[in-house]
Amino acid sequence: MANQPMDIITKVLEQSAKLVEEQVDAQLSKLNEMDEDDLERLKERRLEALKKAQKQKQEWLSKGHGEYREVPSEKDFFGEVKDSKNVVCHFYRNSTFRCKILDKHLAILAKKHVETKFLKLNVEKAPFLTERLRIKVIPTLALLIDGKTKDYVVGFSDLGNTDEFPTEMLEWRLGCADVINYSGNLMEPPTVTQRSGTKFTKVEKKSIRGRGYDSDSDSGDD
């Protein structure tokens, strides 16, 4: 009886291996049945797809994708958004520490996901826009598709509520909003290892040009 579970596992593994082997054999058989003309057409289609992908990448790069950039004004923001399908914009303030944490992760993701434009905008230079988009907490990421705001990442609450979240966690969150091409599992976020001394969100009132905003800043004072 003790060996019964192992026998079941062994049987399942053997069945899985057999299924994979059958699938590989089917693919090889299909390739063997192709004549030279079929193989040439397959090669041409793949080459055309590569050329198309490269052309699309160059188009994105020409529009400022591939790097994390600062938008100098509200007027420039509207032009940037109109020019690209997918946009992630970080509404930040220099005095908020967590904005600097986001900067580091966004710079990495901008290089990895050239299909999306990654921007940052100082809320002190964009009072009209921050009010129009109802941004009340700093930092906030506005996620835009086809010129319209689809979602927001407000503070770090969606990122494990810790300053030490991995870049993969933010990447997963952006993937959930479909603002980047995410290849991982959207049903399950990356694991965040909680360490002793991890700092969680403490919201404190700040003011920008007379308007009230919340600062999603870390604090060890409870």
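- As annotated in an unreviewed UniProt entry, the chain is Thioredoxin domain-containing protein 9 from Acanthochromis polyacanthus.
- Listed under Subunit (unreviewed entry) in UniProt, the entry text for the chain is "Forms ternary complexes with the chaperonin TCP1 complex, spanning the cylindrical chaperonin cavity and contacting at least 2 subunits."
- Looking at the Function (unreviewed entry) heading of the UniProt record, one finds this comment for the chain: "Significantly diminishes the chaperonin TCP1 complex ATPase activity, thus negatively impacts protein folding, including that of actin or tubulin."

## A word on the pattern of salt bridges
Any two side chains of opposite charge can pair, on the condition that their charged atoms come close.
Right, on to step 1. What the rule picks out here adds up to ten salt bridges.
Right, on to step 2. Across the salt bridge formed by Glu-80 and Arg-69, the nearest N and O atoms sit 2.9 Å from each other. With a gap of eleven residues between them, Glu-80 in helix H3 (residues 74-83) and Arg-69 in strand S1 (residues 68-70) connect regions that are remote in the sequence.
Right, on to step 3. Its salt-bridge partner being Lys-120, residue Asp-103 comes within 3.2 Å of it at the nearest N-O pair. Placement of Asp-103 in helix H4 (residues 97-112) and of Lys-120 in strand S3 (residues 117-122) is noted, with a sequence separation of 17 residues between them.
Right, on to step 4. Several salt bridges converge on common partners, so that one network encompasses Glu-67, Arg-69, Glu-80 and Lys-117.

## Some points on unusual backbone geometry
Right, on to step 1. In this structure, Pro-139 follows Ile-138 across a cis peptide bond, with omega equal to 5°.
Right, on to step 2. Tracing the sequence through the fold places Pro-139 in the loop between strand S4 (137-138) and strand S5 (140-145).
Right, on to step 3. The phi dihedral of Asp-146 falls on the positive side, at around 55°, and the residue is not glycine.
Right, on to step 4. Mapped onto the elements, Asp-146 comes out in the loop between S5 and strand S6 (148-154).

## Remarks on the environment of Trp-172
Right, on to step 1. Structurally, the position occupied by Trp-172 is in helix H6 (residues 167-176).
Right, on to step 2. For Trp-172, a relative accessible area of 13% gives the class buried.
Right, on to step 3. Remark: the alpha-carbon pair of Trp-172 and Glu-188, spanning 16 residues in sequence, is separated by 8.8 Å.
Right, on to step 4. In this structure Trp-172 touches Asp-158, Tyr-182, Asn-185, Leu-186, Glu-188, Pro-189 and Pro-190, once residues within four positions along its chain are discounted.
Right, on to step 5. Within the structure, the side chain of Trp-172 is placed 3.2 Å from the backbone oxygen of Leu-186, a separation counted as a polar contact.

## Brief notes about the packing of H4 against H6
Right, on to step 1. The interhelical angle for the contact between H4 and H6, taken along N-to-C directions, is 65°, at an axis separation of 10 Å. Where H4 crosses over H6, the handedness of that crossing is right-handed. In this structure, H4 contributes Leu-102, His-105, Leu-106, Ile-108, Leu-109 and Lys-112 to the contact, and H6 contributes Thr-167, Leu-170, Glu-171 and Leu-174.
Right, on to step 2. A per-class count over the contact of H4 with H6 returns six nonpolar, two polar and two charged.

Reading the values: the criteria
Residues numbered from 1 in each chain as written. Predicted model: local features only at pLDDT ≥ 70, side-chain atom pairs only at ≥ 80, totals over all residues. Heavy atoms only, no water. UniProt positions renumbered as here; feature names shortened; annotations may be inferred. Salt bridge = Lys/Arg side-chain N within 4 Å of Asp/Glu carboxyl O. Helix = DSSP H or I, 4+ residues; strand = E, 2+ residues; numbered from the N terminus. Buried < 20%, exposed > 50% of the residue type's maximum accessible area, 1.4 Å probe, protein only. Contact = heavy atoms within 4.5 Å. Polar contact = N/O pair within 3.5 Å; in protein donor to acceptor, adjacent residues only side chain to side chain. Axes fitted to C-alpha atoms, helices over the stretch in contact; angles between N-to-C directions. Left-handed = near helix turned anticlockwise from the far one by under 90°. Nonpolar A, V, L, I, M, F, W, Y, C, P; charged D, E, K, R; others polar.

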